[in-house]
Amino acid sequence: MAGETDVLRRGRPFGMGRGWGAALALAATSLWPISTLADEPAKPAGAASGVEQCVAAHAEVQRLRRDRHLLEAGRALAACKRSDCPAPVLRDCVAWGDELERATPSVVFNVTSGGEQVAGARILVDGQPVELSSSGAPLRLDPGKHTYRIEHGGYKPVTREFILFEGQRFQQVNVALEPLVVAPAPQEPAVAMERYRPVPALTYVLAGVGVAGAASFAVWGLMGRSEKDELERTCRPACTDSDLGTVRTKYLIADISLGVGAAAFVGAALTYLLRPTEERPVVVSVEPSRTGVYGSVLFRGM
């Protein structure tokens, strides 16, 4: 394919195909010292020889490199860089190792919040968690499109995509985390309290008794006074004790009524003046109406 970078600058080309691998295996086998082959122990039937394994790894590295799987290609190089591999294979694999190292891209994650470095974040690349080096070494990846997700307790997770190209090494990925906003617990509105002194019910009872006593005093006093005036016109000075007894009884009832009434008034006054102070919530509401705006005040605890 035009523009495909399948050929590295050092070593043999990666994209020479399976025919090259077979030819190399044949050439390597023929060039390998006969004495060395003679010294090798007999292998079980179907088992590949060391030379065949080297040649197969040589071809596998080229295929992985062509498919942009640079990390796998770098791991496959170990099988064709053994000292017992044929010289042409060993020379190519050593050269390709340097080329793959330069071509493999890498990233460095810089996680911050509010301009401050955030440590201990969980990083997932392409859905897999990654362990970053404590020494700050970059994370090596294959070229192409990748996704990352950054998670940390107390912060909103961040998920994004990025593209890496061959040779793009030490690419810095800056991630700014936003703290989670914890909604405050709903608080009840403050209730206005009013201090007041409620009038005890006893005050009203005593006041009523006082009014009744005053009324009784007035009635019986007037009755006694009227009867006394009548006796003065009819029998004075010869009125008998029985005639005067009814007058005395009415005046006595009037005096008792006056005393009871006065005592009740005094008790009502004392219970009113010595009543305790209490608190009660006040609710003020303002509501619109067709004729304007009106408000209401509600006292609870009355």
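Residues numbered from 1 in each chain as written. Predicted model: local features only at pLDDT ≥ 70, side-chain atom pairs only at ≥ 80, totals over all residues. Heavy atoms only, no water.

Engineer: Describe in detail the overall build of the protein, supporting the description with residues and values.
Structural biologist: Scanning the protein from terminus to terminus reveals seven helices and 11 strands. Looking at the protein as a whole, 28% of its 302 residues are labelled buried. Of all intrachain contacts in the protein linking residues separated by at least 6 positions in sequence, the fraction that spans at least 24 positions is 64%. Surface summary for the protein: the accessible area is close to 19700 Å², and the carbon and sulfur share equals 60%. (Helix = DSSP H or I, 4+ residues; strand = E, 2+ residues; numbered from the N terminus. Buried < 20%, exposed > 50% of the residue type's maximum accessible area, 1.4 Å probe, protein only. Contact = heavy atoms within 4.5 Å. Areas by Shrake-Rupley, 256 points an atom, 1.4 Å probe, with all protein chains shown as cover.)

Engineer: Residues and numbers for the confidence of the model for the protein, please.
Structural biologist: Averaged over every residue, the pLDDT of the protein is 78; the share at 70 or more is 77%. Predicted confidence is poor over residues 1-13, with pLDDT under 50, and the contacts of this stretch with residues over four places away or in other chains come to 31 contacts. Across residues 15-47 the pLDDT falls below 50, and counting only partners more than four positions away or on other chains, this stretch makes 25 contacts in the model. (pLDDT = per-residue confidence, 0-100.)

Engineer: Tell me about the packing of helix α6 (residues 201-234) against helix α7 (residues 241-273), and please be specific about residues and values.
Structural biologist: In the contact formed by α6 and α7, the axes pass within 7 Å of each other and the chain directions differ by 160 degrees. By the angle between their directions, the pair α6 and α7 is classed as roughly antiparallel. Handedness of the crossing formed by α6 with α7: left-handed. (Axes fitted to C-alpha atoms, helices over the stretch in contact; angles between N-to-C directions. Parallel < 35°, antiparallel > 145°, perpendicular 65-115°, else oblique. Left-handed = near helix turned anticlockwise from the far one by under 90°.)

Engineer: Please provide a residue-by-residue account of the packing of aromatic side chains, values included.
Structural biologist: Under the defined criterion, the tally for this structure stands at two aromatic pairs. Consider the rings of Phe109 and Tyr148, whose centres lie 5.6 Å apart with planes at 70 degrees: the pair is edge-to-face. Separated by 39 residues along the polypeptide, Phe109 in strand β1 (residues 106-113) and Tyr148 in strand β6 (residues 144-151) bring together distant segments of the chain. Residues Phe109 and Tyr148 agree in their burial class; the two are buried. Aromatic pair Tyr148 and Phe162: ring centres 5.7 Å apart, planes at 50 degrees, arrangement tilted. Taken together, the positions of Tyr148 in strand β6 and Phe162 in strand β7 (residues 158-164) put the pair 14 residues apart, joining distant regions of the chain. Like Tyr148, the residue Phe162 is buried in the burial classification. (Phe/Tyr/Trp six-rings, centres within 6.5 Å; stacked < 30°, edge-to-face > 60°.)

Engineer: Could you give me a rundown of the nonpolar core, with the residues and numbers involved?
Structural biologist: Counting 17 residues, the largest nonpolar core has Val61, Leu77, Cys80, Val89, Cys93, Trp96 and Leu100 as its most contacted members. Elements that contribute at least two residues to this core include exactly α3 (50-66), α4 (70-76) and α5 (87-103). Among the elements that line this core, the one with the most residues is α3, at six residues. (Core = buried A, V, L, I, M, F, W, Y, C linked by side-chain atoms within 4.5 Å.)

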